[in-house]
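The primary structure of each chain is shown beneath.
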Amino acid sequence: MLSAPDIASDIKKMTELSKEQSALLPIVEKAREYIDLIAEIADNKEMLSDSEMVDMAKEELKELEPKIPQIEDDLKGLLVPQDPNDDRNIFLEMRAGAGGDEAAIFVGNLFTAYTRYAELKGWNIEIMSTSDGDAGGYKEVIALIKGEKVYAYLKNEAGTHRVQRVPQTESQGRVHTSAITVAIMPEVDDVEIEINATDLKIDVMRSSGCGGQSVNTTDSAVRITHLPTGLVVTNQDQKSQHKNKDKAMKVLKARLFDLEMKEKMEKDGAARKEQVGTGDRSGRIRTYNYPQNRISDHRINLTLYRLNEILQAGTMDEIVEPLQAHYQAEKIKAAGL
């Protein structure tokens, strides 16, 4: 009879093999499509010597031959090693930085845009924890987003986002610049990150802020400190101490996994900026300029004059897809394909 650890190990191995098979299937299908196309072109070229079939063969070749470059490009993209985290769910962590109340308000604006984008994609969002801004929005919000290839779509959102607009409290109509930070962390299974109980300091305290009378009269808030790394996660959104602890542990594991990825990439010599910086105006990846109705992504020199429409409708693919195409092309180039 298998012991519990062996069962867990077997399940993990089966899951890994299943993922490998799923990753190979698109390559196999595209390769078959390419082989079939080449064979069909060869057949039509043979028919060119037949006076009765030559016209039909020429028409077929006009339709078939232009398909070759696209399928070759598709194959190159599939053959480039994929990010092993692309199929994962994510924790979206957003924090207000420079700009005070205006930064917190924009965290709320951008979080709403991501929420609408998730709805368009058919993903599910579960808010893990929030810290409300004094004038609206959030000082910090953490959400779990579940769905197909969430990490693949949103991983490039990590970094410092800058917003330029006239605050509602500005009487002279001057444009202010604020900054927020976005972190994208893959969700991990319990078996992927092992945490020694002795490495944790767990504090239980009375919740503060909004949440109703019952929140403020029970010691339901939980703060978990991971002693070896100094990482701290606090959750007080639920009335249940157990639920708050469970959510805090999930976020802690995601942060530890993200830390492991960064350390591995540094050892491998890969350049990777910190996802959450100081929250100041430097190191920005994107600017949202409200007076000009403009979004500019500085990594790929993309500028769209549809800021209000994109954020209100959540049509983030207008930014996300060009980023994906850019980084995919960079990978193909680096692989020499």
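Summary of the structure given here.

Definitions and cut-offs
- Positions within a chain are numbered from 1, following the residues in the order the chain's sequence is written.
- Reporting of local features is limited, given that this is a predicted model, to residues whose pLDDT is at least 70; pairs of side-chain atoms are given and counted only at 80 or more, and all residues count toward the totals for whole chains, interfaces and linings.
- Side-chain numbers here rest on the full set of heavy atoms in the structure, without hydrogens or water.
- For helices the rule is a DSSP run of H or I covering at least 4 residues; for strands it is a run of E covering at least 2, with both sets numbered from the N terminus onward.
- When a residue's accessible area, from a 1.4 Å probe over protein chains only, is under 20% of the maximum for its type it is buried; when over 50% it is exposed; and in between it is partly exposed.
- Only heavy atoms enter the contact rule, under which two residues are in contact if any of them lie within 4.5 Å.
- Only the protein chains shown count as cover for residues, and all accessible areas are computed by the Shrake-Rupley method using a 1.4 Å probe.
- Pairing of aromatic rings covers Phe, Tyr and Trp, the last counted by its six-membered ring, and requires centre-to-centre distances within 6.5 Å; plane angles under 30 degrees mean stacked, over 60 mean edge-to-face, and any other angle means tilted.
- Side-chain atoms within 4.5 Å are what join buried Ala, Val, Leu, Ile, Met, Phe, Trp, Tyr and Cys residues into a set we call a nonpolar core.
- Any two strands between which DSSP finds at least two bridges are classified as paired.

### Comments concerning the overall build of the protein
Broken down by element type, the protein carries nine helices and eleven strands. The buried share of the protein, taken over its 337 residues, is 37%. Once local pairs closer than 6 in sequence are excluded, the contacts in the protein between residues at least 24 apart make up 60%. For the protein, the accessible surface area stands at approximately 19300 Å², while carbon and sulfur atoms represent 50% of it.

### A look at the packing of aromatic side chains
Summed over all chains, the structure comprises five aromatic pairs. Aromatic side chains F106 and Y290 sit 6.5 Å apart centroid to centroid with 90 degrees between the ring planes, which places their arrangement in the edge-to-face category. Here F106 is found in helix α4 (residues 101-121), whereas its partner Y290 is found in the loop between β9 (284-289) and β10 (294-297), with 184 residues between them in sequence. A relative accessible area of 0% places F106 in the buried class.

### Focus: unusual backbone geometry
Despite not being glycine, N293 shows a phi value in the positive range, around 55 degrees. Residue class for N293 comes out partly exposed when judged on its relative accessible area of 23%. A positive phi is found at N301, a non-glycine position, where the angle reads about 55 degrees. Within the fold, N301 resides in the loop between β10 and β11 (302-304). For N301, a relative accessible area of 71% puts it in the exposed group.

### Notes on the nonpolar core
One finds L92, M94, L110 and M316 to be the most contacted residues of the largest nonpolar core, which totals 56 residues. The dominant element in this core, judged by the number of residues it contributes, is α4, at nine residues. Excluding residues within four positions of it along the chain, M94 makes contact with V107, L110, F111, Y114, K139, E140, V141, I180, T181 and V182. L61, L64, I68 and I71 belong to the second-largest nonpolar core, a separate cluster that totals six residues.

### With respect to the pairing of strand β1 (residues 90-96)
Across the seven residues that make up β1, a large majority, five, are buried. Examined bridge by bridge, β1 and strand β3 (residues 138-146) share six bridges and lie antiparallel to one another. Within β3, the position partnered with F91 by the bridge is L144. As paired elements, β1 and strand β5 (residues 176-186) share seven bridges and run antiparallel to each other. Note that in β5 the partner of I90 across the bridge is P186.

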